Amino acid sequence: MMDAAKLLEMLPGRPRLLALGEPTHGEDTLLEVRNELFRQLVEQAGYRTIALESDCLSGLVVDEHVRTGAGTLDEVMERGFSHGFGRSPANRELVRWMREHNERRPEPEWVRFAGFDGPLETAFAAGPRPVLTWLHAHLAERVDADLLPCTAATLDELLGDDDRWTDPAAMMDPARSVGRTPEAVRLRLVADDLVALLDATPGADTEIARLYGRTATGLMRYHSWFADSSPGRLPWVLTVRASMMAVNLLALAERGPVLAFANNAHLQRHRGGMHLGGREVPWWPAGAIAGARLGEEYAFVATAVGTIRHRGVDVPPPDTVEGRLYAQLEDGGLVDPRGIEGSPAPRVSPWFGYAPLDPGHLTAQDAIVFVRDVPEGEAWWPV
């Protein structure tokens, strides 16, 4: 079903960032399509990096494994993914294939793995201790102590009890967040100063250090807006996450062409919305931000599905985008959205975990991968 050469021919140019979206999480059939596309892009088009909607810092564990063989596959799947994605058999197969590929080839042909999400979710954020202490220690080895914004002991005191930072109740109650306590305000300034010092220290601004720097400032900003009580609170929370995703993708694209994989909503070019706190919250996703920067070097390929019967998603109505494709493509395949004529009706999902294509935004998609039927596989995704 997947043909990388055909897909690339459909695009206006060769993208540095090729974004493949999925309409739901937890279905290995869709991840297997992604795996096959990445293999073909590596073998036929010189792609060397795949980036998933997973914690960018945890992803360093996976990247180290596929490059050097460090750790066992079981350890990597447990420690190298967030959001439960390490339980996916298809993700496991991806990592296994990447390591096997690198073992057989010289280093210039090695493939790389990356997570591009922050260490957070919409309803959860990690504490800042790991990123701030790493960044502080990294710079302490390279600059005079007088240049550091605080000592390691002061940093530890400001961070305090780690459990304060990860209270899930803070999602709906800003008063439960510590993001605007005097200590957190000071830490946000410390993070900013550490990144400024990193930028001003030749040799210190390695790729990993820049990742820790971006994550430190983004995470402190995220916690700050969690503690806000204004109407802009939730839009800002979504905006910060999207921005963190986008800058990570743009940094990865600097070193060569990347296949990015995430929910369609994170990679689309148009403004999106999410139902949170009893209202629809608008946001510009990572794809819109990265796409505006890269122009034709960004391509968005959406995935659409016909049925997910084990989730209650049955044959789509014939007047929807999915319904038309279901009637035309018995085996699924690649679709040029410019060939979908007329004004299809929007499909309504009976299951909250699946988002159909928005027929009003077909022109913002460079191609569509249509999977006609998603069979029930091994259950690993929490719903």
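As annotated in an unreviewed UniProt entry, the chain carries the name Erythromycin esterase and comes from Actinoplanes ianthinogenes.

### A short note on the side chain of threonine 49
With respect to the helices and strands, threonine 49 occurs in strand β2 (residues 49-55). Given a relative accessible area of 3%, threonine 49 falls into the buried group. The contact partners of threonine 49, leaving out residues within four places of it in the chain, are Phe38, Arg112, Arg255, Pro257, Val258 and Leu259.

### Examining the pattern of salt bridges
By the definition in use, this model includes 25 salt bridges. Across the pair arginine 129 and aspartate 156 runs a salt bridge whose closest N-O atoms are separated by 2.7 Å. Linking arginine 129 in helix α6 (residues 129-140) with aspartate 156 in helix α7 (residues 152-159), this pair joins segments that are 27 residues apart in sequence. A salt bridge links arginine 338 to aspartate 336; its shortest N-O distance comes to 2.8 Å. Residue arginine 338 is classed as exposed on the basis of its relative accessible area of 64%. Residues joined in a network through salt bridges with shared partners are Asp63, Glu64, Arg67 and Arg112.

### A few points about unusual backbone geometry
Non-glycine residue histidine 83 carries a positive phi angle of around 60 degrees. One can find histidine 83 in the loop between α4 (73-79) and α5 (89-103).

### Thoughts on the sheet that holds strand β9 (residues 298-307)
Judged by pairing direction, the sheet is mixed, and its seven strands sit side by side in the order β3-β2-β6-β1-β9-β11-β10 without closing on themselves. Looking at strand neighbours, the two that pair on one side only are β3 (112-117) and β10 (333-335), the edges of this open sheet. Strand after strand, the sheet turns through a mean of 30 degrees between neighbouring axes, direction not considered. Here strand β1 (residues 17-22) runs beside β9; their pairing, made up of four bridges, is parallel. Bridging from a neighbouring strand, alanine 19 pairs with phenylalanine 300 of β9. Each of β1 and β9 is contacted by helix α12 (residues 286-294), which is oriented at about 145 degrees to β9, the strand it contacts most. Its contacts with the sheet place helix α13 (residues 321-328) against β9, β10 and β11 (367-373), and it is angled at close to 70 degrees to β11.

### Focus on the packing of aromatic side chains
According to the stated counting rule, one finds nine aromatic pairs in the structure shown. Seen from their ring centres, phenylalanine 85 and tryptophan 380 are 6.4 Å apart, and the 80 degrees between their planes marks the pair as edge-to-face. Taken together, the residues phenylalanine 85 in the loop between α4 and α5 and tryptophan 380 in the segment after β11 connect sequence positions 295 residues apart. Residue class for phenylalanine 85 comes out buried when judged on its relative accessible area of 8%. What makes tryptophan 380 buried here is its relative accessible area of 6%.

### A few points about the packing of α6 against helix α9 (residues 207-226)
For any two helices packed against each other, the geometry comes down to the angle between their axes and how far apart the axes lie. It is the contact of α6 with α9, at a shortest axis distance of 9 Å, that shows an interaxial angle of 135 degrees. Classified by the angle between their axes, α6 and α9 sit oblique to one another. Like other packed secondary-structure pairs, α6 and α9 cross with a definite hand, here left-handed. Contacts from Pro130, Val131, Leu132, Trp134, Leu135 and His138 of α6 reach α9 at Ile208, Ala209, Tyr212, Gly213, Thr215, Ala216, Leu219 and Met220. For the contact of α6 with α9, the class distribution of residues is 11 nonpolar, three polar and no charged.

### Description of α5
Quick reminder: α-helices carry 3.6 residues per turn. Residues three or four places apart thus point the same way. Helix length check: α5, at 15 residues, gives a terminal C-alpha distance of 21 Å against a target of 21 Å (1.5 Å per residue), a fit within 8%. Turning to α5, its buried residues are Ala90, Asn91, Leu94, Val95, Trp97, Met98, Arg99, His101 and Asn102. Looking at the buried side of α5, the elements it contacts are α2 (28-45), β2, α3 (59-68), α4 and β3. Sitting at the head of α5, serine 88 places a side-chain oxygen 3.2 Å from the backbone nitrogen of alanine 90.

### Details of the nonpolar core
Leu18, Phe38, Met98 and Phe113 are the most contacted members of the largest nonpolar core, which totals 47 residues. The leading source of residues in this core is α2, at eight residues. When near neighbours in sequence (up to four residues on either side) are disregarded, leucine 18 contacts Leu7, Leu11, Leu41, Tyr47, Val258, Leu259, Ala260, Ala299 and Val301. Counting residues in hydrophobic clusters, the runner-up holds 45 residues, among them Cys56, Leu148, Val237 and Val240.

### Topic: the environment of arginine 372
Position of arginine 372 among the secondary structure elements: in strand β11. Along the primary structure arginine 372 and tryptophan 351 are separated by 21 residues, whereas in three dimensions their C-alpha atoms are 17 Å apart. Beyond its immediate sequence surroundings of up to four residues, arginine 372 is in contact with Gly306, Thr307, Tyr326, Leu329, Glu330, Asp331 and Gly332. A distance of 3.2 Å separates a polar atom in the side chain of arginine 372 from the backbone oxygen of leucine 329.

### Re the side chain of threonine 217
Summarising the element assignment, threonine 217 is placed in helix α9. With a relative accessible area of 19%, threonine 217 lands in the buried category. In this structure the side chain of threonine 217 is engaged in a polar contact, spanning 3.2 Å, whose partner is the backbone oxygen of arginine 214. Dropping the residues within four chain positions of it, threonine 217 is found in contact with Ala191, Asp192 and Val195.

Cut-offs applied
Residues numbered from 1 in each chain as written. Predicted model: local features only at pLDDT ≥ 70, side-chain atom pairs only at ≥ 80, totals over all residues. Heavy atoms only, no water. Helix = DSSP H or I, 4+ residues; strand = E, 2+ residues; numbered from the N terminus. Buried < 20%, exposed > 50% of the residue type's maximum accessible area, 1.4 Å probe, protein only. Contact = heavy atoms within 4.5 Å. Salt bridge = Lys/Arg side-chain N within 4 Å of Asp/Glu carboxyl O. Pairing = 2+ DSSP bridges. Axes fitted to C-alpha atoms, helices over the stretch in contact; angles between N-to-C directions. Phe/Tyr/Trp six-rings, centres within 6.5 Å; stacked < 30°, edge-to-face > 60°. Parallel < 35°, antiparallel > 145°, perpendicular 65-115°, else oblique. Left-handed = near helix turned anticlockwise from the far one by under 90°. Nonpolar A, V, L, I, M, F, W, Y, C, P; charged D, E, K, R; others polar. Expected span 1.5 Å × (residues − 1). Polar contact = N/O pair within 3.5 Å; in protein donor to acceptor, adjacent residues only side chain to side chain. Core = buried A, V, L, I, M, F, W, Y, C linked by side-chain atoms within 4.5 Å.

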